[in-house]
Amino acid sequence: MDALIILKWFALATVGAIIPAIVLNVEKRLLAAVGLGGGLGYLVAVLATPNFGIPGYLQVFLGAVVVGFFAEWMARIFKSPALTFCIPGIIPLVPGVTAYRTMQLLSEQKWDEAAAAGFSTAASTFSIAFGLMLMIALFRYIPKKKRPVSKQTA
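Attention in this report is confined to the structure presented alongside it. (Residues numbered from 1 in each chain as written. Predicted model: local features only at pLDDT ≥ 70, side-chain atom pairs only at ≥ 80, totals over all residues. Heavy atoms only, no water.)

## Some thoughts on the nonpolar core
- The biggest cluster of nonpolar side chains holds 21 residues, and the ones touching the most others in it are Val26, Phe85, Leu93, Ile128 and Leu132.
- Those elements that provide at least two residues to this core are helix H2 (31-47), helix H3 (56-78), helix H4 (83-90) and helix H6 (111-139).
- Of all the elements, H3 adds the most residues to this core, at 7 residues.
- Once residues lying within four places of it in the same chain are set aside, the contact partners of Ile128 are Val60, Ala64, Ile90, Leu93, Val94 and Pro95. (Core = buried A, V, L, I, M, F, W, Y, C linked by side-chain atoms within 4.5 Å. Buried < 20%, exposed > 50% of the residue type's maximum accessible area, 1.4 Å probe, protein only. Helix = DSSP H or I, 4+ residues; strand = E, 2+ residues; numbered from the N terminus. Contact = heavy atoms within 4.5 Å.)

This is the structure in structure tokens:
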């Protein structure tokens, strides 16, 4: 793949994560991190191409794992909820085109093609959910840094 094309995809995915974050009223100080998470997740999904024998839903799973890991990591750094980074971060991975194609094929009564496209949409959607769930579950077992308790004076 050409490095310029990969950079363009990364930039578009980053913007594709920042715009929904703005709509969802994410704090301005978090927007760059939200965009970076979405861009990294999409980049991993794109680089895990089918040329390596990886099916589309597994690409999306790997991207969702990256977004989930990044969201949990940034949540600890910025002391903010992980969903602040997760929800906008997965927007570039959502299989909107295949869902649209499924509906189009259903309306054209092409049942076999619609079933294949619907399966692809469902598999990608479940892959996103499972990737995020896996990272959230794993991060629950990583201990947080404990801050020393300051003694309050009466």
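Read on for the rest.
## Quick look at the environment of Ala48
- Looking at the element boundaries, Ala48 is found in the loop between H2 and H3.
- When neighbours within four sequence positions are excluded, Ala48 is seen to be in contact with Ile54, Gln59 and Leu62.

## Considering helix H1 (residues 3-23)
- An ideal rise of 1.5 Å per residue puts 30 Å on 21 residues; H1 measures up with 31 Å between its terminal C-alpha atoms.
- Of all the positions in H1, only Ile6, Ala13, Thr14, Ala17, Pro20 and Ala21 are classed as buried. Viewed end-on, H1 has its buried residues packed into an arc of 135°, placing them on one side of the element. The exposed set on the far side of H1, more than 90 degrees from its buried face, consists of Leu4, Leu7, Leu12 and Val23.
- Of the surrounding secondary structure, the elements contacted by the buried residues of H1 are H2 and H4. (Expected span 1.5 Å × (residues − 1). Arc of directions from axis to C-beta.)

## A short note on the pattern of salt bridges
- With the rule as written, the count across this model stands at 3 salt bridges.
- Among the ionic pairs, Glu108 bridges to Lys110, the shortest N-O distance being 3.4 Å.
- Classification of Glu108 by relative accessible area gives partly exposed; the value is 38%. (Salt bridge = Lys/Arg side-chain N within 4 Å of Asp/Glu carboxyl O.)

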